[in-house]
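Analysis of the macromolecular model
Single-letter residue listing:
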Amino acid sequence: MEKVIVLRIGEIFLKGKNKSYFDNMLINNLRKSLTGLDYKFRKSQNRYYLEEFKEEDLDTIVDRVTKVFGLHSLSIATKVQTSEEEIAKYILDYAPNPGQSFRITCTRADKTFPYKSFEFAAKMGGVILSNVKNVTVDLHEPQKVISIDIREQGYTYIFADKIMCAQGMPVGTSGKGMLLLSGGFDSPVAGWRMARRGMKISAIHFHSYPHTSLQAKEKVIDLAKVMTEYCGEIELFIVPFTKIQEEIHKKCKEDFMITIMRRIMIMIAERIAKNNGCGALITGESLAQVASQTVESITSTNQAVELMPVFRPLIGMDKMEIIETAEHIGTAKLSELPYPDCCTVFLPDFPVIKPKLQVAIDEQSKIVNLEELIQDAIDNTEEMKLKPNYVEE
């Protein structure tokens, strides 16, 4: 008898002839998540098994594995030799408490086992009823479900609980995207959602020191570090944006400052994305949340992009949904820190809500040295590679 972790895959089960590509990427990501831990990995059909790990590492393993995109769920199971006597012995470890109802489910991949699944489930239910007082069988709405999985290799797995994993698709199977990462709630969640669809994430942050503090920059670095626990290594590009913002403030109409700023940001993001193998941009925009997130404002921003698609995974989410996700993935407390980013610099009292595209283009054209400023910002961009804390530098 030993404790093992049973891992179940998610959507890649449906991938048909291409499944091996997704499967191999998921296994690679899983191994990376377990860096520094001792364990044995085994694969059997559509399940993975983690065995021979140290008992004191169990909580750490579960915490890391549940953040690996592509896995559906896991169970901590008891692995025993397949025999009626062994299974009957250890199933009592999973017996319900007095007063609870229960159901036993049985799957039988090993067709040489002498009982059919439903027969053996009933037999093991009898074992529990004979040994535990004041428990009842409920096949429809039990308080506890005990599972018996009889496999071909001569082993059976007994478990009672399923712990949900991050689901989605393995990171790296859907290309690479550049996330415009601010210090707020929205953009980290947007990056997380695209990583959940298999996209490898790089990130770009626009920093306006001394108008914004160095703490604002560190806050974004810390946010990206949290994201690495789900997304793996993240390349972070920190763009000096002070000169450009000062020019916008000097040359452009006050109510169009945010519009022009967003246009120039996405122009720079696209160029850096192209130079670093990204095929898409990702933003944390949510329709109608702020003035720069109206249909007209989004249209103005899109027009500044040459060709690259812009993904907005939060577009239909409300703020509370976004905050709840931020709390779930561990970025909320950092986003709450009072270190404003460059979007708050020279903020107009009444930003235009429905900017006309031609007016935005005309206002932008007032910055006659814009191309020079953009190139200077790109040339002075700081680049860093961030990894989860458990990966040695």
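Everything discussed here concerns the structure shown above.
As a starting point, this report considers the structure included with it.

Each value, and the rule that gives it
- Residues numbered from 1 in each chain as written.
- Predicted model: local features only at pLDDT ≥ 70, side-chain atom pairs only at ≥ 80, totals over all residues.
- Heavy atoms only, no water.
- Helix = DSSP H or I, 4+ residues; strand = E, 2+ residues; numbered from the N terminus.
- Contact = heavy atoms within 4.5 Å.
- Buried < 20%, exposed > 50% of the residue type's maximum accessible area, 1.4 Å probe, protein only.
- Lys, Arg positive; Asp, Glu negative; His and termini not counted.
- Salt bridge = Lys/Arg side-chain N within 4 Å of Asp/Glu carboxyl O.
- Polar contact = N/O pair within 3.5 Å; in protein donor to acceptor, adjacent residues only side chain to side chain.
- Core = buried A, V, L, I, M, F, W, Y, C linked by side-chain atoms within 4.5 Å.
- Phe/Tyr/Trp six-rings, centres within 6.5 Å; stacked < 30°, edge-to-face > 60°.

**Overview of the environment of Asp23**
Here Asp23 shows up in helix H1 (residues 19-33). The sequence separation of Asp23 and Met169 amounts to 146 residues, and the corresponding C-alpha distance is 9.9 Å. Setting aside its immediate chain neighbours within four residues, Asp23 contacts Ile12, Lys43 and Tyr48.

**Regarding the side chain of Arg263**
Within the element layout of this structure, Arg263 appears in helix H8 (residues 257-275). Although Arg263 is buried, it makes no salt bridge; Asp362 carries the closest opposite charge, 9.1 Å away. Reaching out from Arg263, the side chain makes a polar contact with the side chain of Gln364 at a distance of 2.7 Å. Setting aside its immediate chain neighbours within four residues, Arg263 contacts Ser300, Thr301, Gln303, Ala304, Leu357, Ala360, Ile361 and Gln364.

**Observations regarding the nonpolar core**
Within soluble globular proteins, side chains that are nonpolar generally end up buried alongside one another. Ranked by size, the top nonpolar core spans 37 residues in total, and within it Ile204, Ile248, Ile264, Ile268 and Leu281 carry the most contacts. Those elements that provide at least two residues to this core are strand S10 (176-180), strand S11 (200-207), strand S12 (234-240), helix H7 (242-251), H8 and helix H13 (370-379). Looking at this core element by element, the count peaks at twelve residues for H8. When neighbours within four sequence positions are excluded, Leu281 is seen to be in contact with Met178, Ile266, Ala269, Glu270, Ala273, Val305, Met308, Pro309, Val310 and Phe311. Counting residues in hydrophobic clusters, the runner-up holds 34 residues, among them Leu181, Ile201, Ile322 and Ile329.

**Brief notes about unusual backbone geometry**
In this chain, Tyr209 is followed by Pro210 through a cis amide linkage whose omega measures 5 degrees. Here Pro210 is to be found in the loop between S11 and helix H6 (214-231). With a phi close to 55 degrees, Glu52 is a non-glycine residue in the positive phi region. Notably, Ala288 is not glycine yet its phi reads approximately 70 degrees, a positive angle. Considering the arrangement of structural elements, one finds Ala288 in the loop between strand S13 (280-282) and helix H9 (295-303).

**Here's the deal with the packing of aromatic side chains**
One pair of aromatic rings is described through two measures. These are the centre distance and the angle between the planes. Across all of its chains, the model carries ten aromatic pairs by this definition. Look at Tyr49 and Tyr157: their rings are 4.7 Å apart centre to centre, the planes differ by 25 degrees, and that puts the pair in the stacked class. Here Tyr49 is found in strand S3 (residues 47-51), whereas its partner Tyr157 is found in strand S8 (residues 155-159), with 108 residues between them in sequence. Like Tyr49, the residue Tyr157 is buried in the burial classification. Between Phe69 and Trp192, the aromatic rings sit 5.8 Å apart at their centres with planes inclined by 65 degrees, giving edge-to-face as the arrangement. Of this pair, Phe69 sits in the loop between helix H2 (58-65) and strand S4 (71-81) while Trp192 sits in helix H5 (residues 186-196), and the two are 123 residues apart along the sequence. Among the aromatic side chains, those forming a connected cluster through ring pairs are Phe69, Trp192 and Tyr230.

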